[in-house]
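Results of the structural survey
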Amino acid sequence: MNNNCPVCNGILASGIQPWHFECVTCCYEKADLQPTINDSSSHELINETERETGLREVRISNFNKLLRIISKLKPTGGTLVDVGCAHGWFVEAAMKKFDVLGVEPDEVVFKSTAAKGLPVRRGYFPDALEASETFDVVVFNDVIEHIPSIDNVLTACHARLNEGGLLVLNLPSSDGIFYKLSRLFCRIGKFGFFERLWQKDLPSPHVHYFNNKNLSDLLKKQNFAVIKSGMLPTLGLQGLYTRISYTGKQGMISRVFIYCAIAISLPILRLLPSDIIYIVAKKT
Ligand SMILES: [Zn+2]
């Protein structure tokens, strides 16, 4: 296994858990967790419908915010590919302005999105694309942190973007307050929250945790110029309970307790570093 940092090429040190590694130089973090996507048993672990409702409100509001940013940078529209488009929420919103294609590898999710009549193709990026297909915008919404070969995928993005094309990444941040809290809980032997944030034991676990700084450095190395970055809200009140419940591990009382604790803290949490960041980078 290659255990060098993809950002600064330093050797990754052992982290908090046997599967976790971190770079002491640039703070990049990696997990040696295996995806079980398209493995039928993995879908029984989480209830897809519950997962969908739980995430919907905050995701759609974040997607609209991202689209306003992209539209300002590409006022005449153009072609856009949404990699790992899942239920097609971003595809649907982006279709008003762009000529959109969604790509989704999970067969169950792909079928339900295609059934809504949305322009989606089954497969992985860039293999699912035609040899000559290029785009003005390539978007990864909560996807890039799941892809082990990060260098290859960024090279493919560069190759698949038209001149002046935009790469848009929306992903969890290791500077986020919930992530920092989860690391603190590990110090007192409570690993559940940390494992949950890495999506350990879910069909598609996270394999990277970046922050704005080290991700920008990686993009520069891959011939992209970062032109805009910022934070997006992690949580909304609507759908929060379903979101807490959807892995089905905690009991009723702890779910209610977590819900109340988060609901009360929401106004304060909004002032702290968010767990979701976005970066817009231009092909150079
Ligand atoms: Zn590093």
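Residues numbered from 1 in each chain as written. Predicted model: local features only at pLDDT ≥ 70, side-chain atom pairs only at ≥ 80, totals over all residues. Heavy atoms only, no water.

Focus: a nonpolar patch on the surface
- A surface patch of nonpolar side chains, about 370 Å² in accessible area, is lined by Leu 181, Leu 184, Phe 185 and Ile 188.
- In this structure, Leu 184 sits in helix α6 (residues 177–187). (Patch = residues over 30% accessible without salt bridge, like charges linked within 9 Å, V, L, I, M, F, W, Y side chains within 5 Å. Areas by Shrake-Rupley, 256 points an atom, 1.4 Å probe, with all protein chains shown as cover. Salt bridge = Lys/Arg side-chain N within 4 Å of Asp/Glu carboxyl O. Helix = DSSP H or I, 4+ residues; strand = E, 2+ residues; numbered from the N terminus.)

Description of the sheet that holds strand β10 (residues 224–232)
- Within the open sheet, the seven strands sit side by side as β6-β5-β4-β7-β8-β11-β10. Their pairing is mixed. The two strands at the open ends of the sheet, each matched to only one other strand, are β6 (120–122) and β10. Across the sheet, the axes of successive neighbouring strands diverge by a mean angle of 20°, strand direction being ignored.
- Across five bridges, strand β4 (residues 79–83) lies against strand β5 (residues 99–104) in parallel orientation. In the sheet register, Val 83 faces β5, and the bridge partner there is Val 103. (Pairing = 2+ DSSP bridges. Axes fitted to C-alpha atoms, helices over the stretch in contact; angles between N-to-C directions.)

Notes on helix α4 (residues 107–115)
- Turning to α4, its buried residues are Val 109, Phe 110 and Thr 113. Seen along its axis, α4 keeps its buried residues to an arc of 100°; they face one direction. Among the exposed residues of α4, those pointing more than 90 degrees away from its buried face are Val 108, Lys 111 and Ala 115.
- Sitting at the head of α4, Asp 106 places a side-chain oxygen 3.0 Å from the backbone nitrogen of Val 108.
- Backbone geometry just downstream of α4 places Gly 117 in the positive-phi region, at approximately 85°. (Buried < 20%, exposed > 50% of the residue type's maximum accessible area, 1.4 Å probe, protein only. Arc of directions from axis to C-beta. Polar contact = N/O pair within 3.5 Å; in protein donor to acceptor, adjacent residues only side chain to side chain.)

With respect to α6
- Inspection of α6 places Phe 178, Tyr 179, Ser 182 and Cys 186 among the buried residues, and these make up the whole buried set. Across the axial projection of α6, the buried residues extend over an arc of 100°, all falling on one side. Seen from the open side of α6, the exposed residues pointing more than 90 degrees away from its buried face are Leu 184 and Arg 187.
- Contacts from the buried residues of α6 go to β2 (20–22), β3 (29–31), α7 (192–197), β9 (208–209) and α10 (252–269).
- Two residues or fewer after α6 comes Gly 189, characterised by a positive phi angle close to 80°. (Contact = heavy atoms within 4.5 Å.)

As for the sheet that holds β2
- Spatially, the four strands line up as an open sheet ordered β1-β2-β3-β9, and their pairing is antiparallel. Edge positions in the open sheet fall to β1 (13–14) and β9, since each of these has one partner strand only.
- Pairing of β2 with β3, which is carried by three bridges, proceeds in the antiparallel orientation. The residue of β3 that forms the bridge with Phe 21 is Lys 30.
- Running over the sheet, α6 touches β2, β3 and β9 and is turned about 115° from β2.

Focus on the coordination of the zinc ion
- At the metal site, the zinc ion is ligated by Cys 5 (SG), Cys 8 (SG), Cys 23 (SG) and Cys 26 (SG), and these contacts range over 2.2 to 2.3 Å.
- Around the zinc ion sit four donor atoms, and with donor-metal-donor angles ranging over 96 to 125° the site reads as tetrahedral.
- Each donor residue of the zinc ion belongs to the same chain, and together they define the spacing C-x2-C-x14-C-x2-C.
- Taking relative accessible area as the criterion, Cys 23 reaches 3% and is therefore assigned buried. (Donors = N, O, S within 2.8 Å, 3.2 Å for Na, K, Ca; no water. Tetrahedral: all angles 85-135°; square planar, octahedral: opposite > 155°, others 65-115°.)

Considering the side chain of His 146
- Take His 146: it is sitting in the loop between β7 (135–141) and α5 (150–160).
- Since its relative accessible area comes to 16%, His 146 is described here as buried.
- A distance of 2.7 Å separates a polar atom in the side chain of His 146 from the backbone oxygen of Ser 204.

As for a positive patch on the surface
- Where like charges cluster on the molecular surface, the positive patch consists of Lys 65, Arg 68, Lys 72 and Lys 228.
- Top contributing element to the positive patch by residue count: helix α2 (residues 48–73), with three residues.
- Here Lys 72 shows up in helix α2. (Lys, Arg positive; Asp, Glu negative; His and termini not counted. Charge placed at Lys NZ, Arg CZ, Asp CG, Glu CD.)

Observations concerning the packing of aromatic side chains
- Tallied over the entire structure, the rule returns 12 aromatic pairs.
- Judged by centre distance (5.7 Å) and plane angle (25°), the rings of Trp 19 and Phe 194 are stacked. Highlighted residues: Trp 19 in the loop between β1 and β2 and Phe 194 in helix α7, separated in sequence by 175 residues.
- You can call Trp 19 buried: its relative accessible area is 10%.
- Aromatic side chains Phe 185 and Phe 193 sit 6.0 Å apart centroid to centroid with 50° between the ring planes, which places their arrangement in the tilted category.
- Using a relative accessible area of 35% as the deciding quantity, one classes Phe 185 as partly exposed.
- The class for Phe 193 is partly exposed, based on a relative accessible area of 26%. (Phe/Tyr/Trp six-rings, centres within 6.5 Å; stacked < 30°, edge-to-face > 60°.)

Structural notes on the pattern of salt bridges
- This structure, assessed with the given rule, holds 10 salt bridges.
- Two residues, Glu 107 and Lys 111, come together in a salt bridge whose shortest N-O distance is 3.3 Å. Linking Glu 107 with Lys 111, this pair stays in helix α4, spanning four residues, or about one helical turn.
- According to the relative accessible area criterion, Lys 111 is exposed, its value standing at 51%.
- It is possible to trace a salt-bridge network through shared partners that takes in Glu 22, Glu 29 and Arg 183.

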